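Chain by chain, the residues:
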Amino acid sequence: MAFINLKSKIIQVKIVYYGPGRGGKTTNLEYIYRKFHQRIKSEMVTVKTHGDRTLFFDFLPFDIGVINGYQIKIQLYTVPGQVKYNATRRLVLRGVDGIVFVADAMAVRREKNIQSLKNLQENLASYKKNLQTIPWVIQYNKMDLVEQGIPIMAVELLEHDLNRQLKRPSFAASALKGTNVVATLKKIISLTVASIRKELL
Amino acid sequence: MADSSNFDPLSTALDRRLNELFREDEPAPATPAAEKPKSSPLAELKKIVLSIDWEITPEALDSFSDQVRLLKGVYQGDKVIAVFLQVLGSLGQYIKSSRSKVHPSTFNVLNSVFARLDEIVSTPKMPPATRRKLLQAEMDAYQGLRAKITQRRTAEPAAKPTVAIDTAVRTQAPASGPVTPEMLARAVAELKEFIRTEMNALRQLVKVAARRE
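Positions within a chain are numbered from 1, following the residues in the order the chain's sequence is written. Chain labels run from A onward and ligand labels from 1 onward, assigned in the order the entries are written. Only residues with pLDDT of at least 70 get local features here, since the model is predicted, and only at 80 or more are side-chain atom pairs given and counted; chain-wide, interface and lining totals rely on the full set of residues.

**Q** Now, about the overall build of chain A: what can you tell me, with residues and values included?
**A** Helix and strand content of chain A: five helices and eight strands. When the elements of chain A are put in sequence order from the N terminus, they spell out β-β-α-β-β-β-α-β-α-β-α-β-α. Counting other C-beta atoms within 10 Å of its own, a residue is labelled buried from 20 upward, exposed at 12 or fewer, and partly exposed in the gap between, with every C-beta atom placed from the backbone. The proportion of buried residues among the 201 residues of chain A is 49%. Whether two residues are in contact depends on their C-beta atoms, placed from the backbone: they are in contact if these lie within 7 Å. Taking as baseline every contact in chain A between residues at least 6 positions apart, the subset at least 24 positions apart corresponds to 71%. Going along the chain from the N terminus, every DSSP run of H or I of four or more residues is numbered as a helix, and every run of E of two or more is numbered as a strand.

Structural data, given as structure tokens:
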């Protein structure tokens, strides 16, 4: 549930970029930060565990201003994708309001996408949340690799694997080039704020 | 989940605000921090080093080797940079052959060597003495790591022979047969020889670099 301060009229929205390791979650945040750094007036923070080489998570907070009397603050997080860091992933998911599932469109990553989505479902269940009710979108990342002759899954196949039941908004994207990074972000913010508002009413 | 509130005032106001904030029709104001990685010849290598820091995958290690090889060609006239790249190449090779058994300090050394190389590359007017000093510091760290690896490899076979053998060596053993002490000894000897050869080559390069600068 989002942090909502009715007195000061502030809504804090937590959005987590989830997905398999090296799928492009951080690249999404890096693109947003690089492109809109001065407009969103924020710093991207990368947190590392102590005495460990592993990245803990990336964090990009920014304000989108006052909308209908409420100041809306967005917090974007990524999780480490590797299988072994599930405890970290679960921790980052605490209090999540919206999710961007970043799937890797490379053909060799098909199984990892499916495993990661399953892992997301399991971790959400530990907070009594599920993919049927939480706002989330799917991004099929690395579509640009087809230009380099790297085998990429067709969107239809990705949809069949990951989105055939819930039919969430999905975006064929290239986080590296910025294709549909912003569209993904806008969509998840809209859906999440709408969902929070519905809960408030 | 709902997309049905598209036409209510809040959604409309929110969409308008998001469109203002994240409009892509004009280039975002450039920031030095954002531009630096793009303009650096090491940008791609940096990305790969960060990837390896995040997760060691065969793809990342292959890209790392390819990128180091490419940069060696670019900087073949600069002996200090060539030595840095040689060290990075050796570290990459070691990580690739050892994978999960890699010494934990390796990543600190890798990041440190890369950071110093980045510093040198991005400071074209750096005095030769400073460059050599930076190189020497990283060489010391690399040698320290090499000593730790050798120490660990010679210490571990006696206690836990099957764990100590590295992945690359293990793949050379018959798939179904046990690891014999002779095989272990041969593997350790090969490794020592490999490190010795690498270090001799690096020492030669450092000497040449020192003479030329």
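**Q** Break down the nonpolar core for me, citing the residues and quoting the values.
**A** All names here are of chain A. When buried Ala, Val, Leu, Ile, Met, Phe, Trp, Tyr and Cys residues are joined through C-beta atoms within 7 Å, the set is termed a nonpolar core. By size, the foremost hydrophobic cluster in this structure holds 60 residues, and its most contacted members are Val 16 and Phe 101. For this core, the element with the highest residue contribution is helix α5 (residues 181–200), accounting for nine residues. For Phe 101, the residues in contact, after removing those within four places along its chain, are Tyr 18, Gly 19, Leu 117, Leu 120, Trp 136 and Ile 138.

**Q** Tell me about the pairing of strand β7 (residues 136–141) of chain A, and name the residues and values.
**A** All names here are of chain A. Among the six residues of β7, six are classified as buried, and the element is accordingly described as predominantly covered. Residue alternation in β7 divides its side chains into two sets, Trp 136, Ile 138 and Tyr 140 and Val 137, Gln 139 and Asn 141, and both sets are buried. Criterion used throughout: strands pair if DSSP finds at least two bridges between them. The pairing of strand β6 (residues 98–104) with β7 spans six bridges and is parallel. If you follow Ile 99 over to β7, its bridge partner there is Trp 136. A crossover links β6 with its parallel partner β7, the connecting element being helix α3 (residues 110–125), and its sense is right-handed. Judged from the three bridges that link them, β7 and strand β8 (residues 170–172) form a sheet pairing that is parallel. From the neighbouring strand, Ile 138 faces β8, where its bridge partner is Ser 170. The handedness of a crossover follows from its direction of travel: if, with the strands pointing away from the viewer, the path from the first strand over the helix to the second runs clockwise, the crossover is right-handed.

**Q** Outline helix α1 (residues 9–21) of chain B, listing residues and values.
**A** Residues and elements named next belong to chain B. Over its 13 residues, α1 runs 18 Å from end to end, which matches the ideal 18 Å to within 8%, given 1.5 Å per residue. When α1 is considered as a whole, its buried residues turn out to be Ser 11, Leu 14 and Leu 18. Projected down its long axis, α1 carries its buried residues within an arc of 65 degrees, all on one side. For α1, exposure combined with an orientation more than 90 degrees from the buried face picks out Pro 9, Arg 16, Asn 19 and Glu 20. What a helix should span is 1.5 Å times the count of its residues minus one. Here the arc refers to the directions that run from the helix axis out to each C-beta atom.

**Q** Give a detailed account of the confidence of the model for chain A, specifying residues and quantitative values.
**A** Note that predicted coordinates carrying low pLDDT should not be read in detail. All names here are of chain A. The quantity known as pLDDT measures the predictor's confidence residue by residue, on a range of 0 to 100. Summary statistics for chain A give a mean pLDDT of 89 and a share of 94% for residues scoring 70 or more. Across chain A, element-level confidence peaks in β7 with a mean pLDDT of 98 and bottoms out in strand β3 (residues 45–48) with 70. Below a pLDDT of 50 lies the segment residues 50–54, which in the model reaches five contacts outside its immediate sequence neighbourhood of four places, other chains included.

**Q** Give me the lowdown on the confidence of the model for chain B, citing residues and values where you can.
**A** Residue and element names in this part refer to chain B. Mean pLDDT over chain B stands at 74; residues scoring 70 or higher make up 64%. The secondary-structure element of chain B with the lowest mean pLDDT is helix α9 (residues 167–172), recorded at 32, while helix α5 (residues 79–98) shows the highest, at 91. This stretch, residues 28–38, has a pLDDT under 50; its non-local contacts, to residues over four places away or in other chains, come to 13 contacts. Counted against residues more than four places away or in other chains, residues 159–177, with its pLDDT under 50, gives 22 contacts.

**Q** Can you break down the pairing of β6 of chain A residue by residue, with the values?
**A** Residue and element names in this part refer to chain A. Counting buried positions along β6 yields seven of seven residues, so the element is predominantly enclosed. Side-chain alternation along β6 places Gly 98, Val 100, Val 102 and Asp 104 on one buried face and Ile 99, Phe 101 and Ala 103 on a second face that is also buried. Where strand β2 (residues 10–18) and β6 come together, four bridges link them in parallel fashion. Counted as the bridge partner of Tyr 17 is Val 100 from β6.

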